[in-house]
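Each chain, letter by letter, is given below.
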Amino acid sequence: MHRIEAIEPELEWAVLQYAVDRIHLDPPPLDHPRSPAELAAAAGQTITPGGLGGLEALRVFAEVLAPANLSIDHPRFLSFVPAAPTEASVLFDLVVAASALFGGTWLEASGAVFAENQALRWIADLAGFPPSAGGVFVPGGSAGNLNGLAAARHHWRSEHPAHHATRGLVAACRSAHSSIAGAARLLDVDVLDVPADPRGRLTGDALAAAVEALPAADRDRLFAVVATAGSTNVGVVDDLDGVATVATDAGAWFHCDGAYGGAALAAPTVRSLFRGVERADSFIVDPHKWLFTAYDCCALLYRQPAVARRAFTQQAEYLEVINASEEWNPSDYAFHLTRRARGMPFWFSLATHGTDAYTEAVEATLAVTRAVGELIREAPHLELVLEPELSVVVLRRLGWAKAEYEAWSARALAEGLAFVVPTTWRGETVLRFCFVNPRTTVDEVAAILEDLRRT
Ligand SMILES: *Cc1c(COP(=O)(O)O)cnc(C)c1O
């Protein structure tokens, strides 16, 4: 059953050829979503008692399903946070699957874990973490935030046994990612909502005021503070150093969410925005966003990994041999046991190209962002809503309201011009570009801006 040649001998090369051809599409078609009815009509019933055969299943994917998936790596996919994986990372993703790596334990995958840890160390060094820091690759920023806060709560309760049944409280700004509120809900803790400054940043002063205003009983419940290093909506970096000071004074864990923006630690032109990140107790960055890695990949780092180990290590008879060892077991640093060695495509790409190439690629996207900012400043029909800090640009098309933005966005996708969805800033509908793809050129963004004028 598991032997591929028992199916069709050409299938191996057909699948590999498809993957290689897809990597070489430059650009890939932007594509657009189809309705369930359209897909059902075109694909038919694909799960059958006898099987379609691999070549036919591949045909259905290539002809019907693939065009119904947006190409996140298209240079004019500028919505949400796009992705731009290197060829090296994508190719190596095939190797990871083929190698049947069990990335949970040193015993089972010491080679992969060693390599993943070197890749994590590069990020730890960029952030200025001590040599003792360490962590694990988890599927995404949402999982990273949940695990970081779970470790924080476990630590708080073990340091303060009197709080073993106290409901915890996390301080976060409204501009923090939606997964922070989601993690708080799952952990059944409350969120202290701290107002943002006019640029949408959490500052140490605002956090200090919010903490001081708490009744003493609530101040006792505060176990963690979250800051964002590159907000998803507008791409600004919180006052990390100020937040770290307030967290230290309050005896709270400092979790820093750099899922999108943490990549810019590699960029000297903006590195100073991140002052204070080195004081975080836990820190995340998604290499699948702005570090050119195949999905899915979030680096989760702890200042003191032993704290996370106490929160997450699972105990059972069949795990005794693992838990008795002194080696680094990634399964100990988040809630999981079996895990894909999802840091390996990132490692392979870093090892292939070297870290200087990462610095250059992040700086290239920042340079495009600055040039686009300049075009918007000069265009009479457009206005920058905020000065860009990282690689998010938020702009207003003068004279437009929600309906015009939405109609333009739908047409731009339908025509293959670009994928740009509106967002809101202080209640106003605006447009947002997020640049993470070094292949995006200023000229093609200029064409989008020109289309906004003509519409
Ligand atoms: C994207 C993002 C997340 C969530 O990451 P996923 O990988 O989508 O789960 C969390 N925080 C920030 C700041 C983000 O931009």
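Residues numbered from 1 in each chain as written. Predicted model: local features only at pLDDT ≥ 70, side-chain atom pairs only at ≥ 80, totals over all residues. Heavy atoms only, no water.

Asks: Kindly report on the site of the ligand, identifying the contributing residues and their values.
Replies: Near the ligand there are 15 residues, and of these G141, S142, D257, D286 and K289 occur at the shortest range. D257 is positioned with one of its side-chain polar atoms (N or O) 2.6 Å from a nitrogen atom of the ligand. D286 is positioned such that a nitrogen or oxygen atom in its side chain is 2.7 Å from an oxygen atom of the ligand. Calculation on the ligand without its partners gives an accessible area of 380 Å², and the protein chains cover 86% of this total. For the shell around the ligand, the element with the highest residue contribution is helix α6 (residues 141–159), accounting for three residues. Here the residues of the shell around the ligand sort into two nonpolar, ten polar and three charged. (Near = heavy atom within 4 Å. Polar contact = N/O pair within 3.5 Å; in protein donor to acceptor, adjacent residues only side chain to side chain. Areas by Shrake-Rupley, 256 points an atom, 1.4 Å probe, with all protein chains shown as cover. Helix = DSSP H or I, 4+ residues; strand = E, 2+ residues; numbered from the N terminus. Nonpolar A, V, L, I, M, F, W, Y, C, P; charged D, E, K, R; others polar.)

Asks: Explain the sheet that holds strand β11 (residues 428–434) to me, and be specific about the residues and the numbers.
Replies: If you trace the four strands from one edge of the open sheet to the other, you get β8-β9-β11-β10, paired in antiparallel fashion. Edge positions in the sheet fall to β8 (382–384) and β10 (422–425), since each has one partner strand and no second. Within the sheet, the average angular offset between the axes of one strand and its neighbour, ignoring direction, is 45°. With three bridges connecting them, β8 and strand β9 (residues 392–397) associate as antiparallel partners. The residue bridging L384 from the neighbouring strand is L395, located in β9. Helix-sheet contacts for helix α15 (residues 355–378) involve β8, β9 and β11, and the interaxial angle to β8 is about 130°. (Pairing = 2+ DSSP bridges. Axes fitted to C-alpha atoms, helices over the stretch in contact; angles between N-to-C directions. Contact = heavy atoms within 4.5 Å.)

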